[in-house]
Amino acid sequence: MGPFRYDISRYSPIKMMAVPIVIFVIAIISLGVNTAHTGLPVTPGIDFSGGTAVTLFTGDSADQIRTYFSGFPLDSIGEGVNNGKYIKFAAMNDAKLQELSALISQRYPDAKVDQIGESFGKTLQEQAIYALIFSFIGMSIVVFIAFRTFVPSVAVVLSAIADMAMTAAAMNVFGLTLNLPTTAALLMLIGYSVDSDILLTMRVLKRQGKFEEKIEGAFRTGIIMTTATLSAIIGMCLVTYLGQVQVIYEISMVLIIGLLFDIMNTWLTNAGILKWYVTRREGREYR
Amino acid sequence: MLQGERVVNIADLKEIVSDWRVALYLVILVLAIISIGPHFEDGQFKTNLQFGLDLQEGSWLQLDFQSVVIGIDTDKPIDQLTADLKAKLDADVIQVAPSKLEVRKLVSKEELTKAFDSLQAGKIVTYEQGVSKNTADDVKQILETKINALGTKDAKVNTLTGMNGITRYIRVELAGVSMKQAQDVVGKQGKFEIRVQTTGNDTEHVLFGDSITSVGIPSQEPAGSGVWGVPFTLSETGANALRNASINTGAVTDPERHHLEMVLDNRTVFSAPLSPDLAAKIQRDPIRELLATTGKGTSALNDAKNLEIHLRAGALPVAVVIAGSGSVSATLGEHFKVMSILAGIVALLFLAIMIFYRYREPSIVLPMVLINASEIIILLGIARFVQQLDLSAIAGLIAVLGTGIDQLVIITDEILHEGKVPSPNLYLKRLTRALAIIVISAATVIIAMLPLAVMSLSTLRGFAIITILGVLVGVLVTRPAYGRIIMYILSK
């Protein structure tokens, strides 16, 4: 990034972590509020709450579609370019559902229709939560085994938690729901998030040299990594937004948000904890 | 690579390729391309890749078993208990494990507890909706048989068995089939009939499949005798019809010359005489509980299993409801396919631009991007055998592109650290250190994705499997090769 230099020598660990801590607290509060309203930290999409999603290309306007499907619990109509539409219906009973299917295939024979029943959604939701928990525990174990030192390992796990919490809160802000694709994206984020953290920790702990220099070197590499990944995912996001490929578009949106938070959490949160850990260790000696 | 005096000549290339890691990478890359098998067929570009339902026309159905599996704690003999429960609940009850029963009806726990109390049958320890793995496999077989009859070649039936060994859902995927057709396959039953031989090979109608009220699972009768058979129950009218026909045709007096034939969709699937014992009984009363035996041994067991399916006439032993469904039209499937390819290309392009912006050195950027792209090719080559490509698998591929470039950057920077030093030993040390970082981050990605790969979250499996495979290919094949190539280029 040209003239920008990552120089943290002037900042104390607390100063470094102040911004992430404030954002983290806001994120946790907003997730709590959302849990109180919807039962889940992130508003569940049709995969988890049940419902019907329809992807189609039509010259009909949103209003026309609304009129055509009046009498059905239509939730939202997303509009892409090229007349792409993404229509969501809330869960309904079997009879109503068959009526809807017939109506869709009559007017829009080329649509993609996905329907998830309420109880199946519940099962999927449970499993998704288990998946997230197991992933997290698994990741923490690997990190602890790899570093075998407490504070640096905790730092990595903490910044991963922060990434997830902030991303989840941001999903609510951007109107992204928690469904199967976005759950996968959050899991992927665990992987991406620890990538740069591990690089940072390895460079600081296992390399010779001054702390500030090591951490600056790590930043140079880390920021290339994250921006390269980001650019690939932005590319994927653009194409799938324009092409109305909802699944990939949602995955890429979550990854973009997550990677941006990851930059902050790696180079402020994790680096802050590491700085505190290293300076504290350096202070100890026999005289 | 082709800058001024640093032109790579043939001898240099030979030296790079002679490193076993690079050689292995190239061999695998070639194998992957062969495996993908791009070719032209009737002027159209084709590959061996298998596409999932998002990317081609088709439908999927997720079926929810209307059945429960209960763990029990009882003093009563299990046989007695199942018989009692069967009568009490008016449902098929079978034993699936020493202290586990499968009740083939969606009965609430309260209702079951009440039944247990009134029978003084002990306690219900566990209660779960679903069926045992065996039953799930039977259902799968029945569905597959029905789908085969449809002539669809691209069909998949997957049971999703939880960690407790209980299957709650079964998923049917049918390529090239509309939603309506798919629902018919699951719902449609064959025409089943029992006929009796009159004179010679002529037969006459006795009863239709609707007279069969329940069909049991293949079992040995009497237990331990080694003789396999399928028990089934007739309705009262069915039993009367059978009695009348048996007496009128003379089957009760001369069973050998008056076989009973089971006919499914006008095809005889089973033919056997009444046993002397049954013949005598039928002469006195209508008999509702019958047993069709197939003989001794494994082949007899298989016959019994097939007979069970036939007796049900394609009906599933357990009722199912549609828990989820979806369909994609041919045009949208094609659209998604084109968009996925485009997304991949644009992602790679954006990534290449960013990498070039950071390193400004074609001799680094070129191998990096090429290796990254070839990783996707290798992955596709492997994926064709293990995973069909649907939208989430494609997202996984692009995610692999992301982790891949991360790790290539780590290697490059670690080797470039503190400038170029023409000492192969130092390079090697740095490469080893870079690989250590990579192995740890690869392990975390694999661990993070593992739950998704083993859990039954249907569509996300593809994403997880592709990501894990991608990371493995990276760590085992492409990263070590890249390390050697970049070392070679930098030390020139």
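Please read all numbers here as calculations on a predicted model, not as lab measurements.

(A) Region of interest: the domain arrangement of chain B. Each assigned domain of chain B is listed here: domain 1 (4-55 + 329-491), domain 2 (58-135 + 157-188 + 320-326) and domain 3 (192-311). Spacing between the C-alpha centres of domain 1 of chain B and domain 2 of chain B amounts to 45 Å.

(B) Inspection of the sheet that holds strand 7 (residues 123-129) of chain B at higher detail. All names here are of chain B. Pairing is antiparallel in the open sheet, where four strands are placed in the order 5-6-4-7. Of all strands in the sheet, those bounded by a partner on one side alone are strand 5 (93-97) and strand 7. Strand-to-strand twist across the sheet, computed as the mean angle between neighbouring axes with direction ignored, equals 30 degrees. Direction of pairing for strand 5 relative to strand 6 (residues 100-103): antiparallel, over a ladder of four bridges. What sits directly across from alanine 97, in strand 6, is lysine 100. Relative to strand 5, helix 3 (residues 78-89) is tilted by about 140 degrees, and along the sheet it contacts strand 5 and strand 6. Sheet strands in contact with helix 4 (residues 109-119) are strand 4 (68-73) and strand 7, and its direction is about 150 degrees off that of strand 7.

(C) Looking closely at unusual backbone geometry. One non-glycine residue, arginine 148 of chain A, lies in the positive phi region at around 50 degrees. Note on placement: arginine 148 of chain A falls in the loop between helix 5 (118-147) and helix 6 (150-174). In this model, glutamine 120 of chain B sits at a positive phi of 50 degrees, which is unusual for a non-glycine residue. Residue position: glutamine 120 of chain B is located in the loop between helix 4 and strand 7.

(D) Looking closely at the confidence of the model for chain B. Residue and element names in this part refer to chain B. In this model, chain B carries a mean pLDDT of 84, and residues with pLDDT of at least 70 account for 94%. Considering each helix and strand of chain B separately, the mean pLDDT is smallest for helix 1 (residues 10-17), with a value of 75, and largest for strand 8 (residues 131-132), with 92. Model confidence for the complex: the whole-complex pTM is 0.82, and ipTM, which rates the interface, is 0.88.

(E) Highlighting the sheet that holds strand 12 (residues 203-208) of chain B. All names here are of chain B. Across the sheet, which stays open at both edges, the four strands sit in the order 12-11-16-17 with antiparallel pairing between neighbours. Since the sheet does not close on itself, it has two edges, and those belong to strand 12 and strand 17 (267-272), each with one partner. Sheet twist, expressed as the average angle between the axes of neighbouring strands with direction ignored, equals 30 degrees. In the sheet, strand 11 (residues 192-197) pairs with strand 12 via five bridges, with the strands oriented antiparallel. Bridged to glutamate 193 within strand 12 is phenylalanine 208. Relative to the sheet, helix 7 (residues 236-249) contacts strand 11 and strand 12, its axis offset from that of strand 12 by approximately 165 degrees.

(F) Representation of the packing of helix 11 (residues 362-386) of chain B against helix 12 (residues 391-416) of chain B. Residue and element names in this part refer to chain B. Contact geometry of helix 11 with helix 12 gives a least axis separation of 10 Å together with a crossing angle of 145 degrees. For the crossing formed where helix 11 meets helix 12, the hand is right-handed. Between helix 11, through Ile364, Met368, Ile371, Asn372, Glu375, Ile376 and Leu379, and helix 12, the contact on the second element is made entirely by Leu397, Val400, Leu401, Gly404, Ile405, Leu408 and Thr412.

(G) Spatial organisation of the interface of chain B and chain A. Across the boundary between the two partners, chain B contributes 59 residues, which contact 59 residues of chain A. If one sorts the elements of the side of chain B that touches chain A by residue count, helix 10 (residues 330-359) of chain B sits on top with 15 residues. Here the residues of the side of chain B that touches chain A sort into 39 nonpolar, 15 polar and five charged. Sheet analysis places strand 4 (residues 112-116) of chain A next to strand 19 (residues 320-328) of chain B, joined by four bridges and oriented antiparallel. Within strand 19 of chain B, the residue paired with isoleucine 116 of chain A across the bridge is glycine 324 of chain B.

(H) Highlighting the domain arrangement of chain A. Residues and elements named next belong to chain A. When its domains are assigned, chain A resolves into domain 1 (13-39 + 119-283) and domain 2 (51-116). Of note, the centres of domain 1 and domain 2, computed from C-alpha atoms alone, are 35 Å apart. Opposite the six residues of domain 1 that make contact, domain 2 presents six residues. Looking at the side of domain 1 that touches domain 2 residue by residue, the class counts come to three nonpolar, three polar and no charged.

(I) Region of the structure containing the pairing of strand 1 (residues 51-57) of chain A. Residues and elements named next belong to chain A. Among the seven residues that make up strand 1, six are buried, leaving the element largely enclosed by the rest of the structure. In this structure, strand 1 lies alongside strand 3 (residues 84-90), joined through seven bridges in antiparallel fashion. Within the sheet, the bridge partner assigned to threonine 52 lies in strand 3 and is phenylalanine 89. The pairing of strand 1 with strand 4 spans five bridges and is classified as antiparallel. Pairing of glycine 51 across the sheet is with isoleucine 116, part of strand 4.

(J) Representation of the nonpolar core within the structure. Core analysis: the biggest nonpolar cluster contains 194 residues, and Leu187, Ala232 and Ile248 of chain A together with Ala347, Leu351, Ile398 and Leu401 of chain B have the highest contact counts within it. The element that contributes the greatest number of residues to this core is helix 9 (residues 246-283) of chain A, accounting for 16 residues. In this structure leucine 187 of chain A touches Ala131, Leu132 and Ser135 of chain A together with Ala448, Met449 and Leu452 of chain B, once residues within four positions along its chain are discounted. Ranked by size, the runner-up nonpolar core spans 25 residues in total, among them Ile212, Met262, Leu290 and Leu311 of chain B.

(K) Molecular detail of the packing of helix 7 (residues 180-206) of chain A against helix 12 of chain B. Running from N to C, helix 7 of chain A and helix 12 of chain B cross one another at 5 degrees; their axes reach a closest spacing of 11 Å. One finds that helix 7 of chain A runs roughly parallel with respect to helix 12 of chain B. For the pair formed by helix 7 of chain A and helix 12 of chain B, the contact residues are Pro181, Ala184, Met188, Gly191, Tyr192, Asp195 and Leu199 of chain A on the first element and Ser392, Ala399, Gly402, Thr403, Asp406 and Ile410 of chain B on the second. Residue classes in the contact of helix 7 of chain A with helix 12 of chain B are distributed as seven nonpolar, four polar and two charged.

(L) Molecular detail of the pairing of strand 3 (residues 58-65) of chain B. Residue and element names in this part refer to chain B. Judged by how many residues are buried, strand 3 sits mostly within the fold: eight of eight residues are covered. Alternating residues of strand 3 divide into Gly58, Trp60, Gln62 and Asp64 and Ser59, Leu61, Leu63 and Phe65, and every residue in both groups is buried. Pairing of strand 3 with strand 10 (residues 166-175) involves seven bridges; the strand directions are antiparallel. Bridged to leucine 61 within strand 10 is valine 172.

Conventions we followed
- Residues numbered from 1 in each chain as written.
- Chains lettered and ligands numbered in written order.
- Predicted model: local features only at pLDDT ≥ 70, side-chain atom pairs only at ≥ 80, totals over all residues.
- Domains from an automatic or database assignment.
- Pairing = 2+ DSSP bridges.
- Helix = DSSP H or I, 4+ residues; strand = E, 2+ residues; numbered from the N terminus.
- Axes fitted to C-alpha atoms, helices over the stretch in contact; angles between N-to-C directions.
- Contact = placed C-beta atoms within 7 Å.
- pLDDT = per-residue confidence, 0-100.
- Left-handed = near helix turned anticlockwise from the far one by under 90°.
- Nonpolar A, V, L, I, M, F, W, Y, C, P; charged D, E, K, R; others polar.
- Buried ≥ 20, exposed ≤ 12 C-beta atoms within 10 Å, placed from the backbone.
- Core = buried A, V, L, I, M, F, W, Y, C linked by C-beta atoms within 7 Å.
- Parallel < 35°, antiparallel > 145°, perpendicular 65-115°, else oblique.

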